[in-house]
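Topology and contacts: notes
Read off the chains here:
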Amino acid sequence: MFWGEEIIATNGRCALADGTLAGSDLDMMSAVKNTVEMIGTDLAEALRMASLYPAEFLKLGNRKGRIKPGFDADLVLFDSAEFSVKNTWISGQ
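Read on for an overview of the structure. In this text, all values refer to a predicted model and were calculated from it rather than measured experimentally.

Quick notes on the nonpolar core
Residues Met-29, Val-32, Val-36, Ala-46, Ala-50, Phe-78 and Phe-83 constitute the largest nonpolar core, which totals seven residues. Elements with a minimum of two residues in this core: α1 (28–39) and α2 (43–50). In terms of residue count, α1 provides more of this core than any other element does, three residues in total. When neighbours within four sequence positions are excluded, Ala-46 is seen to be in contact with Val-32, Thr-35, Val-36 and Thr-41.

Side note on the pattern of salt bridges
Following the criterion strictly, the structure yields five salt bridges and no others. One salt bridge connects Arg-66 with Glu-56, and the closest N-O pair in it is separated by 3.6 Å. With a gap of ten residues between them, Arg-66 in the loop between α3 (52–57) and β4 (75–79) and Glu-56 in helix α3 connect regions that are remote in the sequence. What makes Arg-66 partly exposed here is its relative accessible area of 38%.

Remarks on the packing of α1 against α2
For the pair α1 and α2, interaxial distance at closest approach is 9 Å and the crossing angle is 145 degrees. Taken as a pair, α1 and α2 cross one another with a handedness that is right-handed. The residues of α2 that touch α1, namely those facing Met-28, Val-32, Thr-35 and Val-36, are Leu-43, Ala-46, Leu-47, Met-49 and Ala-50. Class assignment for the residues of the contact of α1 with α2 results in eight nonpolar, one polar and no charged.

How each quantity is defined
- Residues numbered from 1 in each chain as written.
- Predicted model: local features only at pLDDT ≥ 70, side-chain atom pairs only at ≥ 80, totals over all residues.
- Heavy atoms only, no water.
- Core = buried A, V, L, I, M, F, W, Y, C linked by side-chain atoms within 4.5 Å.
- Buried < 20%, exposed > 50% of the residue type's maximum accessible area, 1.4 Å probe, protein only.
- Helix = DSSP H or I, 4+ residues; strand = E, 2+ residues; numbered from the N terminus.
- Contact = heavy atoms within 4.5 Å.
- Salt bridge = Lys/Arg side-chain N within 4 Å of Asp/Glu carboxyl O.
- Axes fitted to C-alpha atoms, helices over the stretch in contact; angles between N-to-C directions.
- Left-handed = near helix turned anticlockwise from the far one by under 90°.
- Nonpolar A, V, L, I, M, F, W, Y, C, P; charged D, E, K, R; others polar.

Remember that the coordinates give geometry; whether it matters functionally is a separate question.
Following this line, the structure appears as C-alpha cells:
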C-alpha cells in the first residue's frame, strides 16, 4: 500500500491494480550492476552514484556517502563479480 493505493510488484515493474505504472522494483545493488554492465560506467563512479551523490542531494554529505573518519559507518560488502550483497553494517553494527 502506498498513499492508499495497492501497488503490485511483478518482474521489476510496480503497477496499480488497473495496470497503471507506479514505479520500478529495482534495488540499489541491481542499479549499480546495470550502470556498470549496461552503460559501461566505471565501478567506482557507479558506487559514488549510489552513495555519495544521494547523500549530498539529501544534505547528508557531511556524515554519509563516504568511508571517512567521523562519517556514519554504513557499509555494504558485495561480490564485485556477481554484484551480490554479502553483508551490511548500519552505524557500524
